[in-house]
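# Remarks on the overall topology
Here's the letter readout for the chains.
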Amino acid sequence: MPSVKAALSKPFAKIIAWRIKKWASNPVETQEKVFHNLIVEAKNTVFGKDHNFSEIITHEHFKSKVPIRDYEDLKPYVERVVKGEENILWKGKPLYFAKTSGTTSGAKYIPITKESMPTHVDAARNAILMYINETGNSKFVDGKMIFLQGSPTLEEKNGIKLGRLSGIVAHYVPKYLQKNRLPSLKTNCIEDWETKVNAIVEETIDEDMTVISGIPSWVQMYFEKLIEKRGKKVGEIFKNFNLFIFGGVNYEPYKAKFENLIGRKVDSIELYPASEGFFAFQDKQNEKGMLLQLDSGIFYEFVEAEHFFSDNPERITIKDVKLGVNYVMIISTTAGLWAYNVGDTVQFTSLKPYRLIVSGRIKHFISAFGEHVIGKEVEQALKEATENTSITVNEFTVAPQINPVEGLPYHEWFIEYENEPENEAKFIEDLEQSLQKQNSYYLDLIKGKVLRPLKITRVKKDGFKAYMKSIGKLGGQNKIPRLSNDRKIADKIYELQLTK
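In short, a report on the structure.

On to the pairing of strand β19 (residues 410–419). Burial analysis of β19 places 8 of its 10 residues in the buried class, which makes it a mostly covered element. Across 9 bridges, strand β18 (residues 392–401) lies against β19 in antiparallel orientation. Note on β19: the bridge partner recorded for Pro400 is His411. Examined bridge by bridge, β19 and strand β20 (residues 455–458) share 4 bridges and lie parallel to one another. Across the sheet, residue Glu412 finds its bridge partner in β20, namely Lys455.

Written as structure tokens, this is what we have:
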């Protein structure tokens, strides 16, 4: 018999689904409203005055006055906010800073404001409600739920609290879910990831877990420790576990491994959260892509990735995007980020409504020879090469080998297998064929004998965990880049292989 909470979730889900359908059916109008609201609200800020917001009426005006920026470009303004100054990027002061580790700029402080904070919480809630509305399944709200996340312990800087985004959001879990939520606050505050996962296993192993959520690579670690302790598949340990919620990386490379660890298939919901905003979530179980959040105080622009590094790349809005094109996503938000390059590349899978997938990072690609191979392509190649085989891959990354000891340069795949291929030469051939089919530049370089086919370097068990630990990024929201255009990660993995 479902509880009152489970029963009430269905009509609430219906209302939310109706609201979402309303703005999703009027996408251009919705985005125009967001755009004008942003400009009006921020016109008296320091940034607004510096960029003549009072003169901005159209997107064309905006483009002419506000150039695309990344964190480094916006940093002079952010530093003033961090010092405690008001009305710099957005009115007043932010509620929080989401602290992230930037690859080039050390610690990054991403503001979260009174206006932007609810959109993070609402989008996560709405993703679950859309699932309930579509499937009719609400029983899971009576069981225990876990989100593998960063510590909710917050510091303070000039009167503004700061911490990891997942730790900040942990303070906003609705009261009706508090008693269902694990792990305990004490366990969640453990900083060392391996110690934390062991504590989470102890707390959850005898509970009725129905929803498990987190970045796949770290959920995998949790699942492996559960199996090690009980000697059973996760689906046997948690008989009512039927919903996996994930974000941060593409699930496809982990799918076969997860089905093996769980022992059966479970429904899943993909999310696209970031410190800069909650951009999209999977709204349909059988549709490819995630619904772009057009009504969350975020105005989106897109630049074709192929032309992004040219002198004056064209910036378009959703009304001009096309299916299957690789775009860099640019955002302006109620947190005071303006024409901000998130660093992600996306591709639209549907225009009615607007759904997309994350195809990679604009900085995470291989183009040592002009091939511009992106994350989506290597993940797709791996998916095709392992389909209908017993091969399972724990983790992988790809780097160029520009100066081999002999022969032509090549792409080097670092793979940690769970189940190795019986015929690795055939596996390499399948990967290679898929890449050549997807990327004509890569194909031309192979045909023209500029590159030779890829090579695989096997990584020892837990080799990627050792790498992440060595750079202080084990666990939490951290993840291995699928691609690098240099040898930094590759060389460190080699070094660890030889020393451990």
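Continuing now.
What follows covers the packing of helix α1 (residues 4–24) against helix α6 (residues 117–135). Relative orientation of the contacting elements α1 and α6 amounts to 110°, with a least axis distance of 8 Å. Here α6 runs roughly perpendicular to α1, going by the angle between their axes. From α1, Ser9, Lys10, Phe12, Ala13, Lys14, Ile16, Ala17 and Ile20 reach across to α6, where they touch Arg125, Asn126, Leu129, Met130, Ile132 and Asn133. Here the residues of the contact of α1 with α6 sort into 8 nonpolar, 3 polar and 3 charged.

Right, let's get into the environment of Lys265. Along the chain, Lys265 falls in the loop between α13 (252–262) and β9 (267–274). Lys265 gets classed as exposed once you look at its relative accessible area, which sits at 66%. On a C-alpha basis, the gap between Lys265 and Glu314 in space is 43 Å, while along the polypeptide they are 49 residues apart.

Okay, the layout of surface pockets next. Space inside the second largest pocket adds up to approximately 390 Å³. As for the second largest pocket, its lining consists of 17 residues, of which Glu306, Asn326, His372, Glu377 and Tyr441 are closest to the centre. Only α14 (375–386) and α16 (440–447) provide two or more residues apiece to the lining of the second largest pocket. For the lining of the second largest pocket, the residue count by class is 4 nonpolar, 8 polar and 5 charged.

Turning our eyes to something else, we now look at the sheet that holds strand β10 (residues 277–281). Judged by pairing direction, the sheet is mixed, and its 11 strands sit side by side in the order β6-β3-β7-β8-β9-β10-β11-β15-β14-β13-β12 without closing on themselves. On the outer flanks of this sheet lie β6 (181–182) and β12 (298–304), each paired with one strand and no other. As defined by bridge partners, strand β8 (residues 243–247) adjoins β9 across 5 bridges and the pair is classed as parallel. From the neighbouring strand, Ile245 faces β9, where its bridge partner is Ile269.

This part is about unusual backbone geometry. Glycine aside, residues mostly have negative phi angles, and peptide bonds mostly take the trans form. Following Leu182, the chain continues to Pro183 via a peptide bond in cis, the omega torsion being 0°. With respect to the helices and strands, Pro183 occurs in the loop between β6 and α9 (185–188). Following Lys352, the chain continues to Pro353 via a peptide bond in cis, the omega torsion being 0°. Its location among the elements puts Pro353 in the loop between β14 (340–351) and β15 (354–361). Positive phi, close to 65°, is recorded for Asp462, a residue that is not glycine. Mapping Asp462 onto the fold places it in the loop between β20 and α17 (463–470). Residue class for Asp462 comes out partly exposed when judged on its relative accessible area of 33%.

This brings us to the side chain of Asn326. Structurally, Asn326 can be placed in the loop between β12 and β13 (327–333). Judged by relative accessible area, Asn326 falls into the buried class, the value being 15%. Only 3.4 Å separates the side chain of Asn326 from the side chain of Gln347, close enough to count as a polar contact. Among all residues touching Asn326, those that are not within four sequence positions of it are Val303, Glu304, Ala305, Thr345, Val346, Gln347, Ser359 and Ile374.

Before going further, it helps to spend a moment on the packing of helix α11 (residues 216–230) against α13. Relative to each other, α11 and α13 sit at 25°, their axes nearing to 10 Å. The orientation of α11 relative to α13 falls into the category roughly parallel. Pair α11 / α13 crosses with left-handed handedness. The segment α11 lies against α13, with Pro216, Ser217, Val219, Gln220, Phe223, Glu224 and Ile227 engaging Tyr254, Lys257, Phe258, Leu261 and Ile262.

Calculation criteria
Residues numbered from 1 in each chain as written. Predicted model: local features only at pLDDT ≥ 70, side-chain atom pairs only at ≥ 80, totals over all residues. Heavy atoms only, no water. Buried < 20%, exposed > 50% of the residue type's maximum accessible area, 1.4 Å probe, protein only. Helix = DSSP H or I, 4+ residues; strand = E, 2+ residues; numbered from the N terminus. Pairing = 2+ DSSP bridges. Axes fitted to C-alpha atoms, helices over the stretch in contact; angles between N-to-C directions. Parallel < 35°, antiparallel > 145°, perpendicular 65-115°, else oblique. Contact = heavy atoms within 4.5 Å. Nonpolar A, V, L, I, M, F, W, Y, C, P; charged D, E, K, R; others polar. 1 Å grid on protein atoms, 1.4 Å probe; cavity = no way out; pocket = protein on both sides within 12 Å on 5 of 7 lines; lining within 4 Å. Points joined across faces, edges and corners; volume = space filled by probe spheres on them. Polar contact = N/O pair within 3.5 Å; in protein donor to acceptor, adjacent residues only side chain to side chain. Left-handed = near helix turned anticlockwise from the far one by under 90°.

Read these as geometric descriptors, not functional statements.
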